[in-house]
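# A closer look at the structure
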Amino acid sequence: MKVLKFGGTSVANAQNIKLVLEIINQKAKNDQLVVVVSALSKVTDLLQSAAAKAAANDESFREVVAEIEKKHLDTLKELIPVSEQSSLLSHVKRIINHLETLLDGCFLLGELSPRTADTILSFGELLSSFIIAQALQQTEKNAVYKDSRELIKTNADFGKAVVNFEVSNQLIQEYFASNESKINILPGFIAQTLDGITSTLGRGGSDYTAAIIAGAVDAEQLEIWTDVNGMFTANPKIVKQAQPIANISYQEAMELSHFGAKVLYPPTIQPVLRKNIPILIKNTFEPEAVGTLISDTVVSKDTVVKGISHIDNISLLTLEGPGMIGVTGSSRRLFEVLSQEKINVIFITQASSEHSICIGILNSDADNAEAAINRAFEIEIAQNKIDPCYVEKDLCIIALVGENMKNHQGLSGRMFSTLGKNNVNIRAIAQGASERNISTVINERDVKKALNTLHENFFEENTKQLNLFVMGVGNVGEKFIEQIHTQRKFLKDNLKINVRVIALSNSRKMLFDEDGISLKDWQSTLEKGEAAIPTEFIARAKELNLRNSIFVDITANSSVSEMYEKFLKESIAVVTCNKIACSSAYDNYKKLKSLSRQYNAPFLFETNVGAGLPIIDTVKNLIASGDKVHKIQAVLSGSLNFIFNNFDKNNSFHDVVKEAGVQGFTEPDPKIDLSGVDVARKILILIRESGYEMDIDAIANESFLPAECLATTNNEDFFASLIKHAPHFEKIYEEALAKDSRLKYVAQFENGKASVGLQFIPKDHPFYNLEGKDNIVLFYTDRYVDQPLLIKGAGAGAAVTASGIFADVIRIGNV
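So, here is what we can say about the structure in this document. (Residues numbered from 1 in each chain as written. Predicted model: local features only at pLDDT ≥ 70, side-chain atom pairs only at ≥ 80, totals over all residues. Heavy atoms only, no water.)

With that settled, the discussion passes to the overall build of the protein. Helix and strand counts for the protein come out as 29 helices and 30 strands. Radius of gyration (C-alpha) of the protein: 36 Å, far over the 28 Å computed for a compact globule of 815 residues. When its C-alpha atoms are laid out on the principal axes, the protein stretches across 115 × 75 × 55 Å. Here the protein holds 815 residues, and the buried ones make up 55% of them. Looking at the protein, you have 84 positive and 100 negative side-chain charges, and the mean spots of the two groups are 2 Å apart. (Helix = DSSP H or I, 4+ residues; strand = E, 2+ residues; numbered from the N terminus. Rg over C-alpha atoms; globule rule 2.2 N^0.38 Å. Buried < 20%, exposed > 50% of the residue type's maximum accessible area, 1.4 Å probe, protein only. Lys, Arg positive; Asp, Glu negative; His and termini not counted. Charge placed at Lys NZ, Arg CZ, Asp CG, Glu CD.)

Membership of the largest hydrophobic core comes to 81 residues, with the highest contact counts inside it found for Phe469, Phe551, Phe653, Leu686, Phe704 and Phe779. Of the residues forming this core, the biggest block, seven residues, is contributed by helix 25 (residues 677-689). Sequence-distant contacts of leucine 686, defined by excluding residues within four places in its chain, comprise Val609, Ile615, Ile616, Val619, Ile632, Leu636, Val777 and Phe779. Counting residues in hydrophobic clusters, the runner-up holds 55 residues, among them Ile17, Leu40, Leu88 and Ile132. (Core = buried A, V, L, I, M, F, W, Y, C linked by side-chain atoms within 4.5 Å. Contact = heavy atoms within 4.5 Å.)

Packing of helix 2 (residues 43-55) against helix 4 (residues 85-109) leaves a shortest axis separation of 7 Å and a crossing angle of 35°. Considering only the axes of helix 2 and helix 4, their crossing is right-handed. Seen from helix 2, the contacting residues are Leu47, Ala50, Ala51, Ala54 and Ala55; seen from helix 4, they are Leu99, Leu103, Cys106 and Phe107. Class assignment of the residues belonging to the contact of helix 2 with helix 4 gives a composition of nine nonpolar, no polar and no charged. (Axes fitted to C-alpha atoms, helices over the stretch in contact; angles between N-to-C directions. Left-handed = near helix turned anticlockwise from the far one by under 90°. Nonpolar A, V, L, I, M, F, W, Y, C, P; charged D, E, K, R; others polar.)

This part is about the pattern of salt bridges. Any two side chains of opposite charge can pair, given that their charged atoms come close. In total, this model carries 42 salt bridges according to the counting rule given. Between lysine 275 and aspartate 218 there is a salt bridge; the shortest N-O distance is 2.9 Å. Here lysine 275, found in the loop between helix 9 (270-273) and strand 10 (279-283), pairs with aspartate 218, found in the loop between helix 7 (205-216) and strand 8 (221-226); they are 57 residues apart in sequence, far enough to count as distant. The residue lysine 448 makes a salt bridge to glutamate 514 at a minimum N-O spacing of 1.6 Å. (Salt bridge = Lys/Arg side-chain N within 4 Å of Asp/Glu carboxyl O.)

Looking now at the sheet that holds strand 15 (residues 390-401). Hydrogen bonds between backbone atoms are what pair the strands of a sheet, whose relative direction is either parallel or antiparallel. Overall, antiparallel pairing links the six strands, which are arranged 13-14-12-15-17-16 in an open sheet. Here the strands that pair on one side only, and so sit at the sheet edges, are strand 13 (347-350) and strand 16 (426-431). Within the sheet, the average angular offset between the axes of one strand and its neighbour, ignoring direction, is 30°. As defined by bridge partners, strand 12 (residues 307-320) adjoins strand 15 across nine bridges and the pair is classed as antiparallel. Counted as the bridge partner of serine 309 is alanine 399 from strand 15. (Pairing = 2+ DSSP bridges.)

As structure tokens, this is what we get:
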């Protein structure tokens, strides 16, 4: 014999019930069946609402009753042929009339007792089981209806009645011993006292009904049919990559159920646990799916963690003080108080010093518990031996569960390290001696990030998801997005990095998609986005609170650079090609670096110097390995190198500068490049990364531009001034020819002093043959004395800059 239970979503309406009937008929070909059904979806809620309204003298309870009646009559009409509906419709209406009579009584008395509430709530299962039994009998004549109240007996603790197993088991066994029907349909959730008064089995009651019957008849298997493909490695609504668990032990299932896995309620397992009866969880809407088998199976040594679960709406209560140390009975008194207030303790941890004890309870019980505890320890509090109870609300418990965890070392450290890297603060920790469960209390706002981070670490073949928030989608930004789109599959297959773009923004519009923006046609999608507001951009990134979040700044905007501090404080990494932050006041530069360490949020800016060249990374490695930089010589502006390499008798200075802008080599404001400010920022960043303290005003900037050019306030006036002062630039070019030299804009640092300026480079100098838009850097260090360390390559251009930004993103993925 097999026992099948169908939940509320499985019997939500006539269409779903037809699927249930197909499953039952298929199963009945090979086995004798007991079928337990829940109320139609949402009906129990409607019954509770009607009862509450009636007790509050609210006439609208009649509208709720009408809704309940219509729902059941419509379902019956769709399932039963018209010729056979009349008597059945009358029966349903009689049941509804009985319900309305009870509610009228509540309305007149203005009260709702637990006993009456149980009777009212029972109507959901009574109606659904009657309709389903009648529908099944249309095709299976050997199917009968049995009221489970006649079989399951309880005490009179209405609302959560306790089953009398001795009496119930005997009644169940006697009934099925004398009943040879192929299929028995029973209502779940409801029972009866020994005096014949209707009672209910509380939360998970229909599952409990099925388990009680399965245990009593020594069923071959208990099947729970629901709307998901079994138990998952995590809540699939929160963790998209959650996977069904094919096999799990009773103990593991109990742990996962206790910690929020909604498929089962822990007491469900108890009646079958004693008999070692397997439980199979199946999906009514995908009956071919494997599901989850819960049994007393041998634990696979290959699977360490079976699942990650959580409980929301938790409060943490802490009782501490010197008066608890060495004093026997403190814990007993605490738990007695909570027991008297009927408050369930979900989580317990105590310091070995006995100085404090923490308990986790539901938020709804927190205020009552706090008041009760403070009353119980009133004398000790007054004597300052114990502090008043301290309450922290809006927390969440996350638990790693696995029978085989006890045989593996380092799991706790791996769990805490994974959470810590994403700035998930752990408020409390508990682990049982069985080592089947490691539980932590965290802030509720971090639950999604924590679950996804842990699931990624323990179940997803070490694939790391990176969530990008990109600001700036001009030339470089467009190339960056193109590179991500092209390389996504390669990164996932070869580096186990899953890069998703969650947000895009330009100066006008911004776009967010928590599941990742499609990069096939992102430009048109962005244009349909909302107005770009930087403060809102930060707020949304913070609100999403995604793991491994990275803010990517591809602008040259100072106000955007001022946002870095806020991102870092939210443990959101920052990758930027914007040089403003790292060349700002030295204190601000140090502060950003410090925040990066404090909040474990990488702050990477390789493209600040040399676009995609590994210049900053090389300096970092030199310093980290104990070397010391004494002197730097560099051509750091690809745009200026392009300009002076192409400026000659046939190409005016104005035209070459214009062409550099067209090719994307200069900043949007070319004066930043030509004034030397951009080069000064770059050498300043290298000086700081080399371990020296300096601000930009300490760098001598010997500008080659006439004062009138420097004084312009917009690009139009700037280019006009270049035409006006063309003889000035031609004179510089002629002087270079006379000296048999080439013009290079050089940055230098030596003996604590730095300068930037245009120089005449002779033929025997390493800079002389620097072509196109290339950069070159010479580092003279303790180790590189006679022959400097040389880095050379393309130092400007959208594609190479984008690749440098991309490389920084991948560095974070590889951490």
